[in-house]
Amino acid sequence: MTTPTTSSPLALGVATASYQIEGAVAEDGRGPSIWDTFTAEPGRVVGGDDGVDACDSYHRVEDDIALIRGLGVDAYRFSLAWPRILPEGRGRVETRGLDYYERLVDGLLEAGIEPVATLYHWDLPQALEDEGGWLERRTAEAFVDYAGVAHQRLGDRVTSWATHNEPWCAAYLGYAAGVHAPGRSEGAAGHRAAHHLLLGHAWAREALPGAHVGIVLNLAPVWPESPEAADVADGVDAIRNRVWLGPLVDGAYDERMLAIAPVLADPGLVRPGDLDAIKGSADWLGINYYTPIRPALGTGEGEPHPEQGAYPGVERLDLVVREPRTDIGWEIEPRGLEELLVETHRRTGLPLVITENGAACADTEVVDGRVEDTDRIDYLRDHLAAVDRARDAGADVRGYFVWTLLDNFEWAEGYAKTFGLVHVDRSSPSLTRTPKASYHWFAEQVAAPAGGRGAAGLLTP
Ligand code: PNW
C-alpha cells in the first residue's frame, strides 16, 4: 500500500456518459437500450425529455475533444454504449460502433489526454432486458463478452477501464425504486441485480488482460440525524456502501445486508465460488461523490422521499437534506468527500479515483457570450480542497474528474438540471457549446502546479 503525500501526482479530468451526450440513438446500427424504452414512457422523465439528440456528441466528437483539450486536463472519462457495439446485447458485433470509440480514443491520445473507459453507464441493450436484464445471471455473462469485444479493439490504447458506473443506481434506482430504467419496483429485484452486477464486474477482468480494472461506486458518508436513527442509518449504509465493499474486499455480504436481503443467502442466486470471484477483483476504486446522506427515523406517515424505495427493507426511513443545496436539491458538504476518501482508503487499501464530482447550478443564461456559474466554481474549489486534506491524511487518491464536460441529459431530471463546464444551447440547431466561467477556472487549476496536481499517468504511481 502506498501512502503518497500531496506532492505525488493527482490527475485531473472531466467525465461524461454515452447516453447522456451521444444522441444518434438509431444510427450506424445501434440497438435500443433500456433508456430509450424508459424515456419513451409517459411520466418517467421531467419534461418528457430523452436522449434522442442529447448533445449530438456522436457527430461532434472532434468539437468535444477540442473542448477537453482546451481544459488542458490529463484524462477524459467516458462510457461505451453497449448497444452500439452489440446491438442485441450479445452475438453480432457492430463495427461502426467500435469505429466511433476508436476515433474518440485516437483523438484523445493525439491531444495527450489519457482515455478512461467505463463499460456500463446504464444503457443496457433492450434485448437483454427483455430476457430479464440484471435479474438474470446470463446478463453478467453477456457483459463479459461485451468487455472482451471492446478490449480487443481498444485495449492496446486504453489501459484504465471501469466496469460499472454506480451499480447502486442501476440496481436499486432501476429495479427497486423504479425511478431509473428499466423502471421496475420490487425490493428483492434490487438485491438480485446488485449481485449480478458484481459478478459481471468480477468476471469481466478475464476479458481485460493487462488493464487496470476498476469499478465506480457512488459511495456516500451516512450520517444519522439523531441517535435514534442509528439503526436505519446502518441499513442505508449497508445498501449504499457495504453491499459492494463487502464482497469486493472481504468476499462476503455482511450480516445486516443478509438480514435486509435474505435472497443474498439463496444458493440459487449466490452460487458457490461467486464471492471468491468478486473478492479482490478491483485494481482501483472509482468514487462518485456529490452529497452526504442523513437518515432520520421516520414516522412511517407522510410523503416518502423519492429515493426511499432504493433502500428496500429499511423501515421507517426519512432522508433529511440540509442547506445549502445545489439546484438539484443535494446538500453541499465537502467534508463528506474528505471523510469518504480517508475512510474508504482505510477500508479497502485500494488506489482511489474521484470519478465524478460536480454541481447542478441554475446558470443556463448566456449573457454576452459568458455564463457566470460562480456557485459551481465555489463547489469545485471547496471539494478540491477536501481532496487535498484527504491526501494529506494519507488517502491514496490518484485522480479527480469533474462531472461533467457538457450540459447533458440528466436521467430522470431531463435537460432541466445542468452540471456542465460547457453550456449547450438546446434551442440552436447546432447545439452551440459555450464554455462557462467554471471551464476557464478549471483550466487554470490544471495549469497551476499547486498541490502536486495536474500530473499525467492516472494509475501509474
Ligand atoms: C450520477 N440519485 O448519477 C451519474 O453517474 C451521472 O451519470 C449523473 O449525471 C450524475 O451522477 C449527476 O446526477 C446519479 O438519485 C443520479 O441518488 C441520481 C442519483 C445519484 C447519482
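Just so you know, these numbers come straight off a predicted model, no measurement behind them.

## Topic: the overall build of the protein chain
Next, step 1: In terms of helices and strands, the protein chain carries 15 helices and 12 strands.
Next, step 2: Since a compact globule built from 461 residues should have a radius of gyration of about 23 Å, the 21 Å found for the protein chain is in line with a globular shape.
Next, step 3: With the C-alpha coordinates aligned to their principal axes, the bounding extent of the protein chain is approximately 55 × 50 × 45 Å.
Next, step 4: Looking at the protein chain as a whole, 61% of its 461 residues qualify as buried.
Next, step 5: When the accessible surface of the protein chain is totalled, it reaches about 16,500 Å², and 50% of it is carbon and sulfur.
Next, step 6: Taking the 40 positively charged and 72 negatively charged side chains of the protein chain as two groups, their mean positions are separated by 2 Å.

## Describing the pairing of strand S9 (residues 352-356)
Next, step 1: In terms of burial, S9 is a largely internal element, five of the five residues being buried.
Next, step 2: Sheet topology note: the strand S6 (residues 284-288)/S9 ladder contains four bridges and is parallel. The residue of S9 that forms the bridge with asparagine 288 is glutamate 356.
Next, step 3: For the handedness criterion, the β-α-β arrangement of S9, helix H14 (residues 374-392) and strand S10 (residues 397-403) is classed as right-handed.

## Some words on the packing of helix H13 (residues 334-348) against H14
Next, step 1: It is the contact of H13 with H14, at a shortest axis distance of 8 Å, that shows an interaxial angle of 30°. With respect to each other, H13 and H14 are oriented roughly parallel. Like other packed secondary-structure pairs, H13 and H14 cross with a definite hand, here right-handed. In contact with Pro334, Arg335, Leu337, Glu338, Leu341 and Val342 of H13, H14 contributes Asp382, His383, Ala386, Val387, Arg389 and Ala390.
Next, step 2: In the contact of H13 with H14, the residues fall into seven nonpolar, one polar and four charged.

## Some words on the sheet that holds strand S1 (residues 11-15)
Next, step 1: Taken in spatial order, the eight strands line up as S1-S2-S3-S4-S5-S6-S9-S10 and close into a barrel, and their pairing is parallel. Averaged over all adjacent pairs, the angle separating strand axes in this sheet is 25°, with direction ignored.
Next, step 2: Across four bridges, strand S3 (residues 114-120) lies against strand S4 (residues 160-165) in parallel orientation. Bridge pairing in S4 places tyrosine 120 opposite histidine 164.
Next, step 3: In the packing of helix H5 (residues 95-110) onto the sheet, the strands contacted are strand S2 (75-79) and S3, and the crossing angle to S2 comes to about 170°.
Next, step 4: Across the face of the sheet, H13 comes into contact with S6, S9 and S10 while running at roughly 140° to S9.

## Some words on the site of the ligand
Next, step 1: The environment of the ligand is made up of 17 residues, and the closest members are Gln20, His121, Glu356, Glu410 and Trp411.
Next, step 2: Within the side chain of glutamate 307, an N or O atom sits 3.2 Å from an oxygen atom of the ligand.
Next, step 3: Glutamate 356 places a polar side-chain atom, nitrogen or oxygen, 2.8 Å from an oxygen atom of the ligand.
Next, step 4: When isolated, the ligand has an accessible area of 450 Å², and the protein chains bury 93% of it.
Next, step 5: Examining the composition of the shell around the ligand, we find that three residues originate from one element, helix H8 (residues 167-175), more than from any other.
Next, step 6: Considered class by class, the residues forming the shell around the ligand number nine nonpolar, four polar and four charged.

## Points about unusual backbone geometry
Next, step 1: Of note, the bond from alanine 181 into proline 182 is cis; its omega dihedral lies within 30 degrees of zero at 5°.
Next, step 2: Counting through the fold element by element, proline 182 comes out in the loop between H8 and helix H9 (187-204).
Next, step 3: Positive phi, normally seen in glycine, also occurs at tryptophan 411, with a value near 50°.
Next, step 4: Note on placement: tryptophan 411 falls in the loop between S10 and strand S11 (422-424).

## Quick notes on the pattern of salt bridges
Next, step 1: Inspection of the entire model under this criterion finds 39 salt bridges.
Next, step 2: Lysine 436 is paired through a salt bridge with aspartate 407; the nearest N and O atoms lie 2.8 Å apart. Taken together, the residues span a long stretch of sequence, with lysine 436 in the loop between strand S12 (433-435) and helix H15 (437-447) and aspartate 407 in the loop between S10 and S11 at a distance of 29 residues.
Next, step 3: Look at lysine 436 and you get buried, because its relative accessible area is 0%.
Next, step 4: Overall, the relative accessible area of 5% leaves aspartate 407 in the buried class.
Next, step 5: Overlapping salt bridges bring together Asp99, Glu102, Asp106, Arg153, Asp156 and Arg157 as one network.

## Some thoughts on the UniProt feature "active site" (unreviewed entry) in the protein chain
Next, step 1: Look at the UniProt record and you will see "active site" (unreviewed entry) annotated at Glu356.
Next, step 2: Here glutamate 356 shows up in strand S9.
Next, step 3: Beyond its immediate chain neighbours, meaning those up to four positions away, glutamate 356 contacts Arg77, His121, Asn165, Glu166, Ile287, Asn288, Tyr289, Tyr290, Phe401 and Trp403.

## Side note on the packing of aromatic side chains
Next, step 1: What the rule picks out here adds up to 25 aromatic pairs.
Next, step 2: With a centroid separation of 4.7 Å and 55° between ring planes, the pair formed by tryptophan 35 and tryptophan 411 is classed as tilted. One end of the pair, tryptophan 35, is in helix H2 (residues 34-40); the other, tryptophan 411, is in the loop between S10 and S11, and 376 residues separate them in sequence. The pair tryptophan 35 / tryptophan 411 is uniform in exposure class, with both members buried.
Next, step 3: Taken together, the ring pairs in this structure connect Tyr19, Trp35, Phe38, Trp122, Phe409, Trp411 and Tyr415 into an aromatic cluster.

Definitions and limits used
- Residues numbered from 1 in each chain as written.
- Predicted model: local features only at pLDDT ≥ 70, side-chain atom pairs only at ≥ 80, totals over all residues.
- Heavy atoms only, no water.
- Helix = DSSP H or I, 4+ residues; strand = E, 2+ residues; numbered from the N terminus.
- Rg over C-alpha atoms; globule rule 2.2 N^0.38 Å.
- Buried < 20%, exposed > 50% of the residue type's maximum accessible area, 1.4 Å probe, protein only.
- Areas by Shrake-Rupley, 256 points an atom, 1.4 Å probe, with all protein chains shown as cover.
- Lys, Arg positive; Asp, Glu negative; His and termini not counted.
- Charge placed at Lys NZ, Arg CZ, Asp CG, Glu CD.
- Pairing = 2+ DSSP bridges.
- Right-handed = clockwise from strand over helix to strand, strands pointing away.
- Axes fitted to C-alpha atoms, helices over the stretch in contact; angles between N-to-C directions.
- Parallel < 35°, antiparallel > 145°, perpendicular 65-115°, else oblique.
- Left-handed = near helix turned anticlockwise from the far one by under 90°.
- Contact = heavy atoms within 4.5 Å.
- Nonpolar A, V, L, I, M, F, W, Y, C, P; charged D, E, K, R; others polar.
- Near = heavy atom within 4 Å.
- Polar contact = N/O pair within 3.5 Å; in protein donor to acceptor, adjacent residues only side chain to side chain.
- Salt bridge = Lys/Arg side-chain N within 4 Å of Asp/Glu carboxyl O.
- UniProt positions renumbered as here; feature names shortened; annotations may be inferred.
- Phe/Tyr/Trp six-rings, centres within 6.5 Å; stacked < 30°, edge-to-face > 60°.

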